[in-house]
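Next come the chains, spelled out residue by residue.
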Amino acid sequence: MFIFKQIEDLQKYLKAHTAIGFVPTMGALHEGHLSLIKHSKAENGLTVCSIFVNPTQFNDPKDFEKYPITIESDIELLHDAGCDVLFLPEVAEMYPDGIGAIRQYEIGFLDTVFDGKHRPGHFNGVCVIVHKLLDAVKPHRLYLGEKDFQQCLVIKQLVTTEQIPTEVITCPTLRTELGLAMSSRNARLSEMQREEAALIYRLLNGIKVRQKSFTFEELQRDALQQLTDAGFNTEYLMLANAETLEEMKEFDHQKKMVLLIASFFHGVRLIDNLRVN
Ligand code: AMP
C-alpha cells in the first residue's frame, strides 16, 4: 500500500489509473469502514482510502478534541484489507488558506432537519472536505456508509449540483453482534456501555416490527421513555421519507420510510437509522 500526504504526489500516482474507487474516512477504522474498502475492491482496479479528521465539520470543539486517533493500527488494517493507496493529509494540505474562511454551500432543506438542525455547520464542513477530496482523487466511484444516512443524501446532492463525474454508492451499516452500529466514537464507551448502547437498535427494530399494530407516535413515545430510563439523552427519534428526509408523523406505506435517531450515551453522540419498509 502506498501512502501519500501531498495532493500533488497522490495525483501523479493516480494519473495512470482509470477505475478508482474511493473511501473517505476520519480514521479509527473498524469493520464498517473495511466493508466499504471491500465493496470498492470488488468494483474497481484501484482503491484509495483517505484518513483525515476534518476540523470544519465538528460543530462541538470537545467532540473534535476527543475524536479517537489510531493511525498505526489503521494503516495495518488497510494493508490487510488490500487497500492500494492511503491518502493521509495534514490540515494545511487540505486547507492551505486556513479553516477560517471556508466556502459556504447551498445545502437547502437537508441542512434544516435532523443532524443539519442539531449540528449547525456540520454538513457544510462535510461538503467542503468531500469536494476537496473528490477534486484530489477524482474517483470513478465513491463509497459511503448508510450509517450516516443524511450524509449520504447531502453528498449525493453535492455531486449532482457540482456536476462531479463520480458515481456515489451507499453500503449497508455494519453492526456488532448485539446490533450496535459500528462507529469510531464507540471506542469512547466501555465494553459494557457498548452492550447497553445496543438498545438503540433494538428499539428501532421494535418500531419497525410493530408498525402495523400501533401509531408511530405511540411507538416513538414508548421508545423515548425506554431510552430515558436507560440513561440516554435523545436528541431526536423520528420517522422520515427516506428519499427526501421530510419528517413523517405517521407510517405511510406508499412512501419509502426511515427511522432516524441521535442519542447521547455517557456523553457520546450515537446516531443510527433503519429503513422500515
Ligand atoms: P467516518 O470515519 O465516521 O467519517 O466514516 C467514514 C465512512 O464509513 C462513512 O461513509 C461512513 O458512513 C462509513 N461508516 C461508518 N460506520 C459504518 C458502519 N458501521 N457500517 C458501514 N459504514 C460505516
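Criteria and thresholds
Residues numbered from 1 in each chain as written. Predicted model: local features only at pLDDT ≥ 70, side-chain atom pairs only at ≥ 80, totals over all residues. Heavy atoms only, no water. Phe/Tyr/Trp six-rings, centres within 6.5 Å; stacked < 30°, edge-to-face > 60°. Buried < 20%, exposed > 50% of the residue type's maximum accessible area, 1.4 Å probe, protein only. Lys NZ or Arg CZ within 6 Å of the ring centre and 35° of its normal. Near = heavy atom within 4 Å. Polar contact = N/O pair within 3.5 Å; in protein donor to acceptor, adjacent residues only side chain to side chain. Helix = DSSP H or I, 4+ residues; strand = E, 2+ residues; numbered from the N terminus. Nonpolar A, V, L, I, M, F, W, Y, C, P; charged D, E, K, R; others polar. Axes fitted to C-alpha atoms, helices over the stretch in contact; angles between N-to-C directions. Parallel < 35°, antiparallel > 145°, perpendicular 65-115°, else oblique. Left-handed = near helix turned anticlockwise from the far one by under 90°. Contact = heavy atoms within 4.5 Å. Expected span 1.5 Å × (residues − 1). Pairing = 2+ DSSP bridges. 1 Å grid on protein atoms, 1.4 Å probe; cavity = no way out; pocket = protein on both sides within 12 Å on 5 of 7 lines; lining within 4 Å. Points joined across faces, edges and corners; volume = space filled by probe spheres on them.

## Structural notes on the packing of aromatic side chains
Then comes step 1: The tally for this structure, following the rule as stated, stands at 9 aromatic pairs.
Then comes step 2: For the pair F2 and F4, a centre-to-centre distance of 6.2 Å together with 15° between the ring planes defines the contact as stacked.
Then comes step 3: Here F2 falls in the partly exposed class, since its relative accessible area comes to 47%.
Then comes step 4: With relative accessibility at 13%, the residue F4 sits in the buried group.
Then comes step 5: For the pair F58 and Y67, a centre-to-centre distance of 5.6 Å together with 75° between the ring planes defines the contact as edge-to-face.
Then comes step 6: Classification of F58 as buried rests on a relative accessible area of 11%.
Then comes step 7: The ring of Y105 carries R103 above its face, with NZ or CZ at 4.1 Å from the centroid.
Then comes step 8: The side chain of R210 reaches across the aromatic face of F214, ending 5.4 Å from its centre.

## Brief notes about the site of the ligand
Then comes step 1: In the vicinity of the ligand there are 16 residues, among which M26, H33, D148, L174 and M182 approach most closely.
Then comes step 2: A distance of 2.6 Å is found between an oxygen atom of the ligand and a side-chain nitrogen or oxygen belonging to D148.
Then comes step 3: Elements with a minimum of two residues in the shell around the ligand: β2 (20-25), α2 (31-43) and β5 (141-145).
Then comes step 4: It is α2 that provides the largest number of residues to the shell around the ligand, a total of 3 residues.
Then comes step 5: For the shell around the ligand, the class distribution of residues is 8 nonpolar, 6 polar and 2 charged.

## Re the packing of helix α7 (residues 122-137) against helix α8 (residues 149-161)
Pairs of packed helices are described in terms of their axes, by the angle between the two and the distance that separates them.
Then comes step 1: Close contact between α7 and α8 brings their axes to 10 Å; oriented N to C, the two are set at 55°. Taken together, the axes of α7 and α8 lie oblique to each other. The handedness of the crossing between α7 and α8 comes out as right-handed. Residues F123, V126, C127, V130, H131 and L134 of α7 form the contact with α8, whose participating residues are Q150, Q151, V154, I155, L158 and V159.
Then comes step 2: Tallied by class, the residues present in the contact of α7 with α8 amount to 9 nonpolar, 3 polar and no charged.

## So, α7
Then comes step 1: Its 16 residues place the ends of α7 22 Å apart at the C-alpha level, agreeing with the 22 Å of an ideal helix rising 1.5 Å per residue.
Then comes step 2: Most of α7 is tucked away, with 14 of its 16 residues classed as buried.
Then comes step 3: One or two residues past the end of α7 sits K138, with phi positive at roughly 50°.

## Details of the pairing of strand β8 (residues 257-265)
Then comes step 1: Most of β8 sits out of view: 8 of its 9 residues are buried.
Then comes step 2: Relative to β8, strand β7 (residues 232-241) runs antiparallel, the two being bridged by 9 bridges. Looking at β8, one finds that N241 is bridged to M257.
Then comes step 3: In terms of strand pairing, β8 meets strand β9 (residues 268-275) through 8 bridges, oriented antiparallel.

## A word on the side chain of N241
Then comes step 1: Examined against the element boundaries, N241 turns out to sit in strand β7.
Then comes step 2: Of note is the side chain of N241, whose polar atom sits 3.2 Å from the backbone nitrogen of T244.
Then comes step 3: Not counting residues within four places of it along the chain, the set of residues in contact with N241 comprises E246, M248, K255 and K256.

## Quick look at the layout of surface pockets
Then comes step 1: When its volume is computed, the second largest pocket comes out at roughly 310 Å³.
Then comes step 2: Forming the boundary of the second largest pocket are 18 residues, of which I51, F52, V53, I69 and P89 lie nearest the centre.
Then comes step 3: Looking at the lining of the second largest pocket, its residues break down into 13 nonpolar, 2 polar and 3 charged.

## Things to note about the sheet that holds β7
Then comes step 1: Ordered in space as β7-β8-β9, the 3 strands form an open sheet in which the pairing is antiparallel. For this open sheet the edge positions go to β7 and β9, each flanked by a neighbour on one side alone. Sheet twist, expressed as the average angle between the axes of neighbouring strands with direction ignored, equals 15°.
Then comes step 2: Those strands touched by helix α10 (residues 199-209) are β7, β8 and β9, and its axis lies near 25° from that of β9.

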